[in-house]
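A look at the structure
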Amino acid sequence: MPDLPTLRPALAGEPALDSTTIALQALPEGHLLQIMGATERAVVEAAIAAAGLEGSDVREAGYRQWYVVGDKQLSSKTLRELTSALPAGTFLSDQSHGRVRIRLSGPHATKLLSTGTAVDLHDAAFPEGRSAITLFGHLSVHLTRKSAAGFELIVLRSFAEALYEELHAHAA
Amino acid sequence: MASLITCPHCGQRPKEEFTIKGDAGLARPAPDAGADVWYDYVYLRDNPKGLHKEYWHHSSGCRRWLIVERDTVTHKVHSVSDAALAKLGGAA
Ligand SMILES: [Zn+2]
């Protein structure tokens, strides 16, 4: 099928930025699964461990919703295993193709993010491991603090370039 | 207009993250209630002075429907609750 589009990372060709104050980089388009249901985080974590995904990160993504993210692409077999490890009434939606992860870090990262979002990013209010869905400017983003000065942003694929270029322009 | 809303799921957020639907006190008429009653329900709104309950959607946050009780005179927000959970009689 000559017309079949070939998958290319949404941010391929976007320059990474790495200075002493700020670093910006597109993350591998591995897996990003949305889990929804009347359950709790511990149950989701147990299910991803049962499916052999110990390296994946579980993030709060709204009331009774989580994202399971990681750098590895998953086989359909693993996805089926994870689906069957989830309790009844809990559902999985594979968003790996639809959302892109961006890493922003460095001593100026918090300051840069606070130019675009109203979420209180002080360590006490937004500690390591905490996630929030919010706006960066006019773009909807899922934001997670990964370390004291390291953040990850998840954005819809079609908005990835706009967000990346905006962050890059602010950071440079 | 209230400019900060404390979402029960997300915490304090600016009004730009929300979409306002309007009056949360409207009761949907019966299908055969008649054209006048339906016209009223669909088009006619009060413009209350003081306490007012509205549906707000946290469209750029958790995407939950909320009920915001606010004062149209003082702009004070009195309560914010999750609409679906409130209907089910739950907390949050
Ligand atoms: Zn919310």
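Above this text is the structure in question.
Residues numbered from 1 in each chain as written. Chains lettered and ligands numbered in written order. Predicted model: local features only at pLDDT ≥ 70, side-chain atom pairs only at ≥ 80, totals over all residues. Heavy atoms only, no water.

**Some points on the overall build of chain B**
Each helix and strand counted, chain B has 2 helices and 6 strands in total. In terms of principal-axis extent, the alpha carbons of chain B reach across some 40 × 30 × 20 Å. When each of the 92 residues of chain B is scored for burial, the buried share is 32%. The contacts of chain B with a sequence gap of at least 6 include a subset with a gap of at least 24, amounting to 43%. Split by element, the accessible area of chain B, about 5,800 Å² in all, is 52% carbon and sulfur. Mean positive and mean negative side-chain charge positions of chain B (12 and 11 charges, respectively) differ by 6 Å. (Helix = DSSP H or I, 4+ residues; strand = E, 2+ residues; numbered from the N terminus. Buried < 20%, exposed > 50% of the residue type's maximum accessible area, 1.4 Å probe, protein only. Contact = heavy atoms within 4.5 Å. Areas by Shrake-Rupley, 256 points an atom, 1.4 Å probe, with all protein chains shown as cover. Lys, Arg positive; Asp, Glu negative; His and termini not counted. Charge placed at Lys NZ, Arg CZ, Asp CG, Glu CD.)

**Focus on the nonpolar core**
Residues and elements named next belong to chain A. Core analysis: the biggest nonpolar cluster contains 27 residues, and Ile102, Leu104, Leu113, Leu153, Leu163 and Leu167 have the highest contact counts within it. Contributions of two or more residues to this core are made by strand S7 (99-105), helix H3 (109-113), strand S8 (131-136), strand S9 (139-147), strand S10 (150-156) and helix H4 (160-171). Here the element with the most residues in this core is H4; it accounts for 5 residues. Other than its neighbours up to four places away in sequence, Leu113 contacts Leu104, Leu121, Phe136, Leu143, Phe151 and Leu153. Core analysis: the second largest hydrophobic core is formed by 13 residues, Val44, Ala51, Val68 and Leu86 among them. (Core = buried A, V, L, I, M, F, W, Y, C linked by side-chain atoms within 4.5 Å.)

**Quick word on the coordination of the zinc ion**
With distances of 2.0 to 2.4 Å, the protein atoms coordinating the zinc ion are Cys7 of chain B (SG), Cys10 of chain B (SG), His58 of chain B (ND1) and Cys62 of chain B (SG). Judged by relative accessible area, which is 23%, Cys10 of chain B ranks as partly exposed. (Donors = N, O, S within 2.8 Å, 3.2 Å for Na, K, Ca; no water.)

**A closer look at the environment of Arg130 of chain A**
All names here are of chain A. Tracing the chain through its elements places Arg130 in the loop between H3 and S8. By relative accessible area, Arg130 is classed as partly exposed at 42%. In this structure, the C-alpha to C-alpha distance between Arg130 and Thr144, residues 14 residues apart in sequence, is 5.7 Å. With sequence-adjacent residues up to four places away left out, Arg130 is seen in contact with Ala125, Leu143, Thr144 and Arg145.

**Quick look at H4 of chain A**
All names here are of chain A. End to end, H4 covers 16 Å across 12 residues, agreeing with the expected 16 Å (1.5 Å per residue, within 8%). Three or more residues of H4 are buried, namely Ala160, Leu163, Tyr164, Leu167, His168 and Ala171. Buried residues of H4, viewed axially, fall in a sector of 130°; they line one side. (Expected span 1.5 Å × (residues − 1). Arc of directions from axis to C-beta.)

**Remarks on the interface of chain A and chain B**
Each side of the interface is counted separately: chain A has 9 residues, and chain B has 10 residues. With both sides pooled, the region where chain A packs onto chain B buries about 790 Å², and carbon together with sulfur makes up 61% of that total. It is Tyr63, Ile133 and Leu135 of chain A that lose the most area in chain A upon contact with chain B, and together they represent 62% of the buried surface on that side. In this assembly, chain A and chain B are joined by 0 salt bridges. Viewed at the interface, chain B and chain A are joined by 2 residue pairs in polar contact (both at pLDDT 80 or more). (Buried area = accessible area lost by both parts, 1.4 Å probe. Salt bridge = Lys/Arg side-chain N within 4 Å of Asp/Glu carboxyl O. Polar contact = N/O pair within 3.5 Å; in protein donor to acceptor, adjacent residues only side chain to side chain.)

**Quick look at empty space enclosed by the protein**
Residue and element names in this part refer to chain A. In the structure shown here, the tally under the stated rule is 1 cavity of 30 Å³ or more. Roughly 50 Å³ of volume is contained in the largest cavity. Lining the largest cavity, in full, are Pro28, Glu29, Gly30, His31, Leu32, Gly70, Ser96, Arg99, Val100 and Arg101. Those elements that provide at least two residues to the lining of the largest cavity are strand S3 (31-37) and S7. The greatest single-element share of the lining of the largest cavity, amounting to 3 residues, is contributed by S7. When the residues that make up the lining of the largest cavity are grouped by side-chain class, the tally is 3 nonpolar, 4 polar and 3 charged. Residue contributions to the lining of the largest cavity reach at least three from each of two domains, namely domain 1 (17-28 + 98-171) and domain 2 (31-94). (1 Å grid on protein atoms, 1.4 Å probe; cavity = no way out; pocket = protein on both sides within 12 Å on 5 of 7 lines; lining within 4 Å. Points joined across faces, edges and corners; volume = space filled by probe spheres on them. Nonpolar A, V, L, I, M, F, W, Y, C, P; charged D, E, K, R; others polar. Domains from an automatic or database assignment.)

Everything listed here is a matter of coordinates, which is why it stays silent on function.
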